[in-house]
Amino acid sequence: MRIGFFDSGLGGLTVLAEALQRLPDKDFLYMADTLHVPYGTKSEEDVKAYIFETVGLMMEEGIDALVVACNTATSIAINELRERYSLPIVGMEPAVKPAVEMNRATGKRVLVFATQLTLQLPKYYALVSRVDEMGIVDSLPLPELVRYCEALQFDKQIINEYFRVKLANYDLDNYGIIVLGCTHYPFYKDILRELLPAHIEIVDGNVGTVKRLSALLSRYGIPGGGGNGNVRFMCSGQEPAYMDKMQKALSILREKNVLTQSLQS
Ligand code: DGL
């Protein structure tokens, strides 16, 4: 029983790390499309081709379920992936709906961080139109954060300054929730937490995704157990240095304490 996780680069590790905590009796294959990272600044057409190429490689390796641990790739290709492959497939979308629901009572606004491509695709527009009847959702792309993450740039001063500039035009008193709608961004949750006013909650879709994965495996009758949290890393560019980088990024995530603390949440 091996579950495939796919992202353009290191971002999907934030989801994999949750899965390792919650599904320790599974084995995993983690695939990064290093030949084409980042996705968020490229065209929909190009990224769609990269996704099918990369997922094709994972299928050749043999997986029993697939997590598209990338909001951008999900927006572009989740339906077609499900049409093409018959295994259980879980995707991700920015957690706009729960954020709007959580903020309804307070009247505060919601700020969604995601890639440029995610924010300009019809799927995102449809999601916001469906759930944001009060018009409280604002969206902000953070392309440099993906680049920082891929370079393992976690220097607090540099990242603080980056957020300071990006958020300069937002009156944070008006916001109640920030949604991390790109799987690279939770690497910076700790820095964001320190920098944001305490009343702002930070949400991502990682725990929800792992719960959906778990439910889907049961629905497909895929038996639990059989694994012990082994992770095999792959990348489309087959760079040995990137294999080390993935290992390192996963340990950084564990050290950074950005994962959900308890299995109850
Ligand atoms: N981690 C990805 C996402 O969730 C994509 C980032 C990128 O490659 O631009 O959207």
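Cut-offs and rules
Residues numbered from 1 in each chain as written. Predicted model: local features only at pLDDT ≥ 70, side-chain atom pairs only at ≥ 80, totals over all residues. Heavy atoms only, no water. Pairing = 2+ DSSP bridges. Helix = DSSP H or I, 4+ residues; strand = E, 2+ residues; numbered from the N terminus. Axes fitted to C-alpha atoms, helices over the stretch in contact; angles between N-to-C directions. pLDDT = per-residue confidence, 0-100. Contact = heavy atoms within 4.5 Å. Salt bridge = Lys/Arg side-chain N within 4 Å of Asp/Glu carboxyl O. Buried < 20%, exposed > 50% of the residue type's maximum accessible area, 1.4 Å probe, protein only.

(A) Highlighting the sheet that holds strand 5 (residues 109-114). Sheet architecture is open: four strands sit in the order 6-5-7-8, paired in parallel fashion. Strands at the two margins of the open sheet, each flanked by one partner only, are strand 6 (137-141) and strand 8 (201-204). Taking the axes of each pair of neighbouring strands and ignoring which way they run, one obtains an average angle of 25° across the sheet. Alignment of strand 5 against strand 6, held across five bridges, turns out to be parallel. Within strand 6, the position partnered with Val 110 by the bridge is Val 137.

(B) Structural context of the confidence of the model for the chain. Averaged over every residue, the pLDDT of the chain is 94; residues scoring 70 or more account for 97%. Every residue in residues 261-265 scores below 50 in pLDDT, and together they form seven contacts with partners more than four places removed in sequence or on other chains.

(C) Spatial organisation of the pattern of salt bridges. According to the stated counting rule, one finds 13 salt bridges in the structure shown. As a salt-bridge pair, Lys 26 and Asp 25 come within 3.2 Å of each other at their nearest N and O atoms. By relative accessible area, which is 7% here, Lys 26 ends up buried. Between Glu 161 and Arg 164 there is a salt bridge; the shortest N-O distance is 3.0 Å. With Glu 161 and Arg 164 both in helix 8 (residues 156-166) and three residues apart, the pair spans about one turn of that helix. Its relative accessible area of 38% is what places Glu 161 among the partly exposed residues.

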